[in-house]
Amino acid sequence: MPRPILPVPLLILGLAGIASAAEPLGPPGAPASLFPKPDRPVAEIVAAQWALEKEREKADEVGQVARLMGIAPGQTIADIGAGSGYYTLRISERVGPQGRVLAEDVTPRYLAELQKRVRKAGLQNVTIVRGEPHDPRLKPASVDAAVLVHMYHEISQPYGLLHNLAAAMRPGGRVGIVDADDIPSRHGTPPALLRCELAAAGYRETGFSVLEGGVGYLAIFEAPAPEQRPDPRAIRPCRDEASRGAK
């Protein structure tokens, strides 16, 4: 006779169900092996959010970014590295019921907690997406704008992620990167290094602002059309002079 299946704690089952609910939306893009490694440290992912929400609210961080990026009702916005969902929840309100937020992350624990938070808030226009470090796994030509907030320095394969993200952007799609003006090992990205890496992936800078309230800077780029992306094998990593100078 077959052995009886041992019971599994309901808590573990519940968390597994939530985590498995987050799946990739699009087919795999170019593999990470095609791209060069960045010439800079990659910061460790240490938390689902970089600062207390009340501090960010006081600075109206999301409001500043939304206005500068032209985020409006009806748009589809990708929150890359969504973490705790701070931006996801607030952008959900801004795009409204006709819009959509694609909350993407690669950390299963964050995805599980974010799924619970979205359900508790009753948000019907948010989709949780499981991506990969080099590929957000979004549907082609499905995104009007993407935000990468205080996490660019944690991306282990930035050239691959930017290359694959470009395929998900609609024509004229804009990508906003919020980060601190500091070296990657201190959880920031020097603007010069950021500009170099985005340009190497075929992106064009369209705006740069230091955000009020000490919450970092916002750099805005236009994504290249898929057929205009550089050949991954031709990309040369940008030299991280700031980190070398800090030693």
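Scroll up a little and you will see the structure.
An account of the accompanying structure is given in this report. (Residues numbered from 1 in each chain as written. Predicted model: local features only at pLDDT ≥ 70, side-chain atom pairs only at ≥ 80, totals over all residues. Heavy atoms only, no water.)

## A short note on helix α7 (residues 191-200)
Thought 1: If you check which residues of α7 are buried, you get P191, L193, L194, E197 and L198. All buried residues of α7 fall inside an arc of 160° around its axis, so they share one side.
Thought 2: Residues of α7 that are buried sit in contact with α6 (158-168), β5 (169-179), β6 (204-210) and β7 (217-222).
Thought 3: Where α7 terminates, the next one or two residues include G202, which has phi positive at roughly 95°. (Buried < 20%, exposed > 50% of the residue type's maximum accessible area, 1.4 Å probe, protein only. Helix = DSSP H or I, 4+ residues; strand = E, 2+ residues; numbered from the N terminus. Arc of directions from axis to C-beta. Contact = heavy atoms within 4.5 Å.)

## Some words on the pairing of strand β3 (residues 126-130)
Thought 1: Looking at chain direction, strand β2 (residues 100-105) and β3 are connected through 5 bridges and run parallel. Residue pairing across strands places E104 opposite V129, the latter belonging to β3.
Thought 2: Tracing the backbone out of β2, into helix α5 (residues 108-121) and back to the parallel element β3 gives a crossover that is right-handed. (Pairing = 2+ DSSP bridges. Right-handed = clockwise from strand over helix to strand, strands pointing away.)

## Notes on the packing of aromatic side chains
Thought 1: This model, assessed by the stated rule, comprises 2 aromatic pairs.
Thought 2: Ring geometry for Y86 and Y87: centres 6.0 Å apart, planes at 65°, overall edge-to-face.
Thought 3: Under the relative-accessibility criterion, Y86 is labelled buried at 2%. (Phe/Tyr/Trp six-rings, centres within 6.5 Å; stacked < 30°, edge-to-face > 60°.)

## Some details on α6
Thought 1: Within α6, 10 of the 11 residues are buried, which leaves the element mostly enclosed by the surrounding structure.
Thought 2: Every buried residue of α6 is accounted for by P158, Y159, G160, L161, L162, H163, N164, L165, A166 and A168.
Thought 3: Buried residues along α6 sit in contact with β1 (76-80), β4 (143-149), β5 and α7.

## Remarks on the sheet that holds β3
Thought 1: Taken together, the 7 strands give an open sheet; going across it, the order is β3-β2-β1-β4-β5-β7-β6, and neighbouring strands pair in mixed fashion. In this open sheet, the two strands that pair with only one neighbour each are β3 and β6. Averaged over all adjacent pairs, the angle separating strand axes in this sheet is 20°, with direction ignored.
Thought 2: Bridge count between β1 and β4: 4 bridges; the pairing is parallel. Note on β4: the bridge partner recorded for A78 is A146.
Thought 3: Helix α4 (residues 86-95) rests against β1, β2, β3, β4 and β5 of the sheet, and its axis sits at about 165° to β2. (Axes fitted to C-alpha atoms, helices over the stretch in contact; angles between N-to-C directions.)

## A word on the nonpolar core
Thought 1: If you look at the biggest cluster of nonpolar residues, it comprises 28 residues, and the most contacted ones within it are V65, M69, Y87, I91 and I128.
Thought 2: Among residues more than four places away in sequence, those in contact with Y87 are R56, E61, V62, V65, D79, V147, V149 and V178.
Thought 3: Within the second largest apolar cluster, 27 residues are counted, among which are V129, L148, I155 and L162. (Core = buried A, V, L, I, M, F, W, Y, C linked by side-chain atoms within 4.5 Å.)

## Describing the environment of Q98
Thought 1: Its location among the elements puts Q98 in the loop between α4 and β2.
Thought 2: The exposed category is assigned to Q98, whose relative accessible area is 69%.
Thought 3: Along the sequence, Q98 and N125 sit 27 residues apart, while their C-alpha atoms lie 7.8 Å from each other.

## Section: the packing of α6 against α7
Thought 1: Put simply, α6 and α7 touch, their axes get as near as 9 Å, and they point 55° apart. In this view, α6 runs oblique relative to α7, as classed from their interaxial angle. Seen along the crossing, α6 lies across α7 with a hand that is right-handed. Taken together, the residues of α7 that come into contact with α6 (itself represented by P158, Y159 and L162) are E197, L198 and A200.
Thought 2: Considered class by class, the residues forming the contact of α6 with α7 number 5 nonpolar, no polar and 1 charged. (Parallel < 35°, antiparallel > 145°, perpendicular 65-115°, else oblique. Left-handed = near helix turned anticlockwise from the far one by under 90°. Nonpolar A, V, L, I, M, F, W, Y, C, P; charged D, E, K, R; others polar.)

What is shown is where atoms sit, not what they do.
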